[in-house]
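Fold and geometry: a report
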Amino acid sequence: MSNKKLKGLSIASKKKKQEALFKTEKAIAKLVNEKHKITIRSVAREAGVSISYLYKYPELTYKIQKLREEQKYSLVQSDRNPKNASSEVIKLEQEKAELIQEVKELKAIIGRDKTGKNTLEDLKTENRQLVSENRQLKKELQHTKKNLQEAREFILGKESDNQSHLKFDSEAQIIQ
């Protein structure tokens, strides 16, 4: 692939990442302003990104968890008012359901052993194979470099022999 294409892909990837981070931050702000429950799932849904995407950025998940904890604290204080108690219970039940679903999705992401894909053992095996292949390729590269160096020395040696023959031939012509 040409350098221009790689550079273009890199720029597009960075732009896409920035847009997703911006959408996520915007979603968090919206949920906070509208006093909606803040969970990984609700932020992902609002931002239009996947839950696993959010987990790629520990600073985002930390921020979301911190806001969720702050909301829980404010709920404890608002629960003291009996009018708010029933609506808060409903909200907590919804949050519980979301968290249960989130746990299920995370378990599916972590160990996809039921589908036979991406189990920890599979990844370890693949890693060992790649390390072995990498070692073999390094050996081949060293061998190729050595052969290239020997060929270069051989060619340069022939050129110096040819130059000395040419020099000898030209001297012989001058003598004649």
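One can find the structure itself at the top, above this paragraph.
What this report covers is the structure whose coordinates are included nearby.

Rules used in this analysis
Residue numbers restart at each chain and count upward from 1, following the sequence in its written direction. The predicted nature of this model means local features are confined to residues of pLDDT at least 70 and side-chain atom pairs, given and counted, to a pLDDT of 80 or more, with totals for whole chains, interfaces and linings taken over all residues. Side-chain numbers here rest on the full set of heavy atoms in the structure, without hydrogens or water. Secondary structure follows DSSP: runs of H or I at least 4 residues long count as helices, runs of E at least 2 residues long count as strands, and numbering of each begins at the N terminus. Residues count as neighbours in contact if any of their non-hydrogen atoms are within 4.5 Å of one another. All accessible areas in this document rest on Shrake-Rupley with a 1.4 Å probe, and a residue is counted as covered only by the protein chains that are shown. Nonpolar cores are built from buried Ala, Val, Leu, Ile, Met, Phe, Trp, Tyr and Cys residues. Side-chain atoms within 4.5 Å join them into one set. Type-normalised accessible area, obtained with a 1.4 Å probe on protein chains alone, sets the label of each residue: buried when under 20%, exposed when over 50%, and partly exposed for intermediate values. Salt bridge criterion: a side-chain nitrogen from Lys or Arg within 4 Å of a carboxyl oxygen from Asp or Glu. Only the contacting stretch of a helix is used when fitting its axis, a line to C-alpha atoms as for every element, and angles between N-to-C directions run 0 to 180 degrees. Two helices that cross are described as forming a left-handed crossing if the nearer one is turned anticlockwise from the farther one by less than a right angle, and a right-handed crossing if clockwise. Nonpolar residues are Ala, Val, Leu, Ile, Met, Phe, Trp, Tyr, Cys and Pro. Charged residues are Asp, Glu, Lys and Arg, and all others, Gly as well, are polar. Here the term cavity refers to a set of points on a 1 Å grid, laid over the protein atoms alone, in which a 1.4 Å probe fits but cannot get out; the term pocket refers to an open set having protein on both sides within 12 Å along at least five of seven lines, with lining residues being those that place an atom within 4 Å of a point. Grid points are joined across faces, edges and corners, and a volume is the space filled by probe spheres set on the points.

A few points about the overall build of the protein
Secondary structure assignment for the protein yields six helices and zero strands. Listing the helices and strands of the protein from first to last along the sequence gives α-α-α-α-α-α. Restricting the contact set of the protein to residue pairs at least 6 apart, pairs at least 24 apart contribute 56%. For the protein, the exposed area adds up to about 14400 Å²; of that, 56% sits on carbon and sulfur atoms.

Points about the nonpolar core
Residues Val43, Val49, Tyr53, Leu54 and Ile64 are the most contacted members of the largest nonpolar core, which totals 18 residues. Elements supplying a minimum of two residues to this core: α1 (3-33), α2 (40-47), α3 (51-55) and α4 (58-78). Looking at this core element by element, the count peaks at five residues for α1. Apart from the residues within four sequence positions on either side, Ile64 is in contact with Ile28, Ile38, Thr39, Ile40, Val43 and Leu54.

Section: the pattern of salt bridges
For the structure on display, the rule yields five salt bridges. When the shortest N-O distance is used, the salt bridge between Arg41 and Glu105 registers 2.5 Å. With Arg41 in helix α2 and Glu105 in helix α5 (residues 82-110), this pair connects stretches of sequence that are 64 residues apart. The buried category is assigned to Arg41, whose relative accessible area is 15%.

Digging into the side chain of Thr24
Tracing the sequence through the fold places Thr24 in helix α1. Given the relative accessible area of 0%, Thr24 is considered buried. Non-local contacts of Thr24, meaning those with residues more than four positions away in its chain, are made with Val43, Ala47, Val49, Tyr53, Leu54 and Leu60.

Comments concerning α2
Burial runs high along α2: six of the eight residues are buried. Every buried residue of α2 is listed here: Ile40, Arg41, Ser42, Val43, Ala44 and Ala47. Just past α2, the residue Gly48 takes up positive phi, approximately 75°.

What to know about the packing of α1 against α2
Interaxial distance between α1 and α2 falls to 8 Å at its minimum, and their mutual angle equals 115°. The chirality of how α1 crosses α2 is right-handed. Mapping the contact onto sequence places Lys23, Thr24, Ala27, Ile28, Lys30 and Leu31 in α1 and Ser42, Val43, Glu46 and Ala47 in α2. By residue class, the composition of the contact of α1 with α2 is five nonpolar, two polar and three charged.

A closer look at unusual backbone geometry
We note that Lys35 has phi near 55°; this positive angle belongs to a residue other than glycine. The class of Lys35 is exposed, set by a relative accessible area of 68%.

Concerning the layout of surface pockets
Taken as a whole, the second largest pocket holds about 170 Å³ of empty space. Lining the second largest pocket we find Leu31, Lys35, His36, Lys37, Ser42, Arg45, Glu46, Lys91, Gln94, Glu95 and Glu98. Broken down by secondary-structure element, the contributors of at least two residues to the lining of the second largest pocket are α2 and α5. Considered class by class, the residues forming the lining of the second largest pocket number one nonpolar, three polar and seven charged.

Brief notes about the side chain of Thr61
Structurally, Thr61 is set in helix α4. For Thr61, a relative accessible area of 8% translates into the label buried. Beyond its immediate chain neighbours, meaning those up to four positions away, Thr61 contacts Ile40, Leu54 and Tyr55.

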